[in-house]
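Residue strings, one per chain:
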Amino acid sequence: MKSTTVEFAIIGHPNEGKSSVLSTLAEDDSVRVSAIPGETVVCQSFPVRIDGREIIRFTDTPGFQNPRQALAWFQEYEGPEEAMLSAFIEAHEDDPDFHDDCELFRPLIDGAGVIFVVDGSRPLRKVDRAEMEILRLSGAPRMAVINSKEDDSEYLAKWQSEFRKHFNAVRVFNSCRANYRQRIELLESLKSIDQELEPVLRQVVEAFQEDWEIRSQRTAAILTDCLQDILSYRRAVSCKPEDEEHKRRELHSDYTAYVSQREREAQQDMRGLFKHNIFNLKLPPQSILEADLFSDRTWKFLGLTDRQVILAGALGGAALGVGIDAATVGISFGIFSAIGGLIGAGATALKGKDLLAGSRVLGVKMGGELLQVGPVNNIQLLYILLDRGLLFYSHVINWAHGRRDYGQTSQMMLDSGSGKAGFTSLWSREERAVCDRFFRAILKGNEGEIEESSVDLQDLLREQFIKIAEDRVGTKGQPLLPEQSDL
Ligand SMILES: Nc1nc2c(ncn2[C@@H]2O[C@H](COP(=O)(O)OP(=O)(O)O)[C@@H](O)[C@H]2O)c(=O)[nH]1
Ligand SMILES: [Mg+2]
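In this report, we go over the structure that sits alongside the text. (Residues numbered from 1 in each chain as written. Chains lettered and ligands numbered in written order. Predicted model: local features only at pLDDT ≥ 70, side-chain atom pairs only at ≥ 80, totals over all residues. Heavy atoms only, no water.)

1. Focus on the site of ligand 1
So, step 1. What surrounds ligand 1 is a group of 17 residues, the closest being Asn-15, Lys-18, Ser-19, Ser-20 and Ser-34.
So, step 2. Contact between ligand 1 and Lys-18: an oxygen atom at 2.8 Å from a main-chain N or O atom of the residue.
So, step 3. For ligand 1, the protein covers 84% of the area, taking 570 Å² as the surface of the free molecule.
So, step 4. Residues of the shell around ligand 1, tallied by class, amount to 4 nonpolar, 10 polar and 3 charged. (Near = heavy atom within 4 Å. Polar contact = N/O pair within 3.5 Å; in protein donor to acceptor, adjacent residues only side chain to side chain. Areas by Shrake-Rupley, 256 points an atom, 1.4 Å probe, with all protein chains shown as cover. Nonpolar A, V, L, I, M, F, W, Y, C, P; charged D, E, K, R; others polar.)

Put into structure tokens, the structure is as follows:
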């Protein structure tokens, strides 16, 4: 390698998914991926920077233009081996029939390694053999990547056996589905294609892993801050008795607007952290995340199980709201403060309908003229926000940067069976205790306890992130991303 940064040129036939593979590998959604073959006519480099330092560079190249004629030329070439590519360019520079071929050889002259991309869902053709043979003759360290555009493995074995003849390593890598782990694995296997590359690639992989760890820490902080803001929200307005109903509704809608906005902000921050800057990570319409946070559906789907409600109820004061029927959450869910003890221990025994009717219970008056909302006394809100945060995390990290279609979904669906399906529904008693402490600290407004318990919550979240990234956690009996397993 002549340059100090390790460089890989992504090479292949037009429209096989080169740009898409590059985009996913480099986590760069600014890479142009296009259904129209032959759009890329010049090489373009995409550096991967961590803390401002360029650690690896991927170069997008046009597809081969006339590989069979080019191969014929190489086979007749009799000059020194190391000058072969330059000689080809010199001989064909002004020939429009070989424009793209000349262009894609340039990075190789500068010492770039090769990642050769094919669409493994189609059969092998003669022209592919010509391309592979050219790359073999070039002597560049090279890996073949099978990027199957369709879920079709009919030709996979054929590709693999052919590739073994021409490449130092072969990998299956789906540019639209590859997740963090698969990206790291691909980089790891690049090490094996050339001994000289090994030390520098080891550093690259380490830098990626460290960076990932930092992102996890930041994501945990983003989520915890968001939870803290939402749970400690508190507003009071003065109001005349005749305005109470109106004011109560106004406070309620201000509150829900605030929560939704705050949650969106956190999601936005997470997206930025995982470098999804350009394309909208569009959630599938069936995703539970598309449902309104305060909707009955959300609460039925992500809220606590009956057993957990009972357990939480046993915690006493802080968990007062848990007994409220999910059906009424849109209107009540415990945001109207319990100050003054009006709700009291008996409230959990009230059925939703009674709570609604008794708006005196929902809006608490202080000093005769004050209506107050918050802090939330219903711990379910914490779990629902946590589950939505974790779902969003899972969505963000599993959304390959090279993916441009929104057809396939890899997200928890609203109608995926019955019962509770959030990540937190599988948490242990100890894990729930962390949440309870955090929740109660906020309800009490005790700064020291909030600080301490939020550190614990962040640790807990980081463990969850690892499990999600490693695909070790799904929800109730079904893996979260079923299609990942068939890679
Ligand atoms: N379904 C599917 N489509 C893909 C995949 N990889 C690429 N594509 C699509 O195939 C087309 C060509 O991809 P692109 O990366 O621009 O190919 P390039 O010409 O080799 O750079 C685009 O429409 C991509 O969205 C894949 O793994 N699955
Ligand atoms: Mg391209």
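Next comes the rest of the description.
2. Focus: the pattern of salt bridges
So, step 1. Applying the stated criterion to the full structure yields 24 salt bridges.
So, step 2. Measuring nitrogen to oxygen at the nearest pair gives 2.6 Å for the salt bridge that ties Glu-27 to Arg-215. Taken together, the residues span a long stretch of sequence, with Glu-27 in the loop between helix H1 (18-25) and strand S2 (44-50) and Arg-215 in helix H8 (residues 198-231) at a distance of 188 residues. Across this residue pair, the class does not change: Glu-27 and Arg-215 are buried.
So, step 3. For Arg-181, the salt bridge identified is with Glu-185, shortest N-O distance 4.0 Å. In this pair, Arg-181 and Glu-185 both sit in helix H7 (residues 180-190), 4 residues apart, roughly one turn of the helix.
So, step 4. On the accessibility criterion, Arg-181 (31% relative accessible area) is partly exposed.
So, step 5. What makes Glu-185 partly exposed here is its relative accessible area of 33%.
So, step 6. Residues participating in the shared-partner salt-bridge network are Glu-27, Arg-183, Asp-211 and Arg-215. (Salt bridge = Lys/Arg side-chain N within 4 Å of Asp/Glu carboxyl O. Helix = DSSP H or I, 4+ residues; strand = E, 2+ residues; numbered from the N terminus. Buried < 20%, exposed > 50% of the residue type's maximum accessible area, 1.4 Å probe, protein only.)

3. Topic: the packing of aromatic side chains
So, step 1. Counted under the stated rule, the structure contains 18 aromatic pairs.
So, step 2. On the basis of an interplanar angle of 20 degrees and a centroid distance of 5.4 Å, the ring pair of Phe-116 and Phe-167 is categorised as stacked. On the criterion of sequence distance, the pair formed by Phe-116 in strand S4 (residues 113-118) and Phe-167 in the loop between helix H6 (156-166) and strand S6 (169-172) is long-range, its members being 51 residues apart.
So, step 3. On the accessibility criterion, Phe-116 (0% relative accessible area) is buried.
So, step 4. Judged by relative accessible area, which is 7%, Phe-167 ranks as buried.
So, step 5. Feature note: the residues Phe-64, Trp-73, Phe-74, Tyr-77, Phe-88, Phe-98 and Phe-105 constitute an aromatic cluster, connected by ring pairs.
So, step 6. The residue whose ring lies beneath Arg-403 is Trp-399, and the NZ or CZ to ring-centre distance is 4.1 Å. (Phe/Tyr/Trp six-rings, centres within 6.5 Å; stacked < 30°, edge-to-face > 60°. Lys NZ or Arg CZ within 6 Å of the ring centre and 35° of its normal.)

4. Observations regarding helix H14 (residues 379-397)
Every α-helix carries 3.6 residues per turn, so stepping three or four residues along brings you back to the same face.
So, step 1. For H14, spanning 19 residues, the distance from its first C-alpha to its last is 27 Å, which sits close to the expected 27 Å at 1.5 Å a residue.
So, step 2. Among the 19 residues of H14, 19 are classified as buried, and the element is accordingly described as predominantly covered. (Expected span 1.5 Å × (residues − 1).)

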